[in-house]
Amino acid sequence: MTSTRSRCAACKYLRRKCPSDCIFSPYFPSDDPQRFSCVHRIYGASNIGKMLKQLPVQLRADAANSLYFEAHSREADPVYGCVGIITNLNEEIHDAETELAKIQAHIGVHHQTKNPEDGEASQSGHSPVQQQ
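Residues numbered from 1 in each chain as written. Predicted model: local features only at pLDDT ≥ 70, side-chain atom pairs only at ≥ 80, totals over all residues. Heavy atoms only, no water.

Labelled according to an unreviewed UniProt entry, the protein appears under the name LOB domain-containing protein, originating from Daucus carota subsp. sativus. The Sequence similarities (unreviewed entry) comment attached to the protein in UniProt states, word for word, "Belongs to the LOB domain-containing protein family." (UniProt positions renumbered as here; feature names shortened; annotations may be inferred.)

Structural data, given as structure tokens:
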């Protein structure tokens, strides 16, 4: 009995038959050969297979996605890889938190100077935050 299923991207790349229980086929479909190629260049097929086999089936898709993201990031930035992205995002968070603190302090000063005796109400008599 021959299978009409096409080979997965990993088996095509490795030029081998794709067995019915292929560890790669659910995570590296034949219509996205660049995905496996990218991961293979960084980790190697044997290591990818070992990592996937060690995980419970329900975690393998997330692991394959993570491997692809990390490999793709490493190709884009060979020195830092995904750590560079994480570092940049942490810097953006820190900058946003600093800016927010400055704005909140400015708003607090503005409220105090505008209504020194009545810190909550504005000049029109309405609360600055209206409840719905």
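Colleague: Would you explain the overall build of the protein in this entry?
Modeller: When you go through the protein residue by residue, the secondary structure sums to five helices and zero strands. When the helices and strands of the protein are read in sequence order from the N terminus, they spell out α-α-α-α-α. Relative to its full complement of 132 residues, the protein shows a buried share of 24%. Within the protein, contacts between residues separated by at least 24 positions form 37% of all contacts whose residues are at least 6 apart in sequence. (Helix = DSSP H or I, 4+ residues; strand = E, 2+ residues; numbered from the N terminus. Buried < 20%, exposed > 50% of the residue type's maximum accessible area, 1.4 Å probe, protein only. Contact = heavy atoms within 4.5 Å.)

Colleague: Can you walk me through the side chain of R60 in this structure?
Modeller: Tracing the sequence through the fold places R60 in helix α4 (residues 57–76). For the buried residue R60, which engages in no salt bridge, the nearest side chain bearing the opposite charge is D21, 9.5 Å off. One polar contact links the side chain of R60 to the main-chain carbonyl oxygen of L55, over a distance of 3.1 Å. (Lys, Arg positive; Asp, Glu negative; His and termini not counted. Salt bridge = Lys/Arg side-chain N within 4 Å of Asp/Glu carboxyl O. Polar contact = N/O pair within 3.5 Å; in protein donor to acceptor, adjacent residues only side chain to side chain.)

Colleague: Can you walk me through the environment of E75 in this structure?
Modeller: Position of E75 relative to the elements: it lies in helix α4. Separated by 37 residues in sequence, E75 and C38 have C-alpha atoms that sit 8.0 Å apart. For E75, the residues in contact, after removing those within four places along its chain, are C38, R41 and I42.

Colleague: What is the right way to look at unusual backbone geometry in this model?
Modeller: Across the chain, the bulk of peptide bonds are trans and the bulk of non-glycine residues have phi less than zero. Residue R15 is not a glycine yet carries a positive backbone phi of 55 degrees. Of the residues examined, R15 reaches a relative accessible area of 76% and is grouped as exposed.

Colleague: Before we go on, may I ask you to explain a nonpolar patch on the surface in this structure?
Modeller: Where nonpolar side chains cluster on the molecular surface, the patch consists of F69, I85 and L89 and spans about 270 Å² of accessible area. Along the chain, L89 falls in helix α5 (residues 82–114). A residue is classified by how much of its surface remains accessible, and L89, at 44% relative accessible area, is partly exposed. (Patch = residues over 30% accessible without salt bridge, like charges linked within 9 Å, V, L, I, M, F, W, Y side chains within 5 Å. Areas by Shrake-Rupley, 256 points an atom, 1.4 Å probe, with all protein chains shown as cover.)

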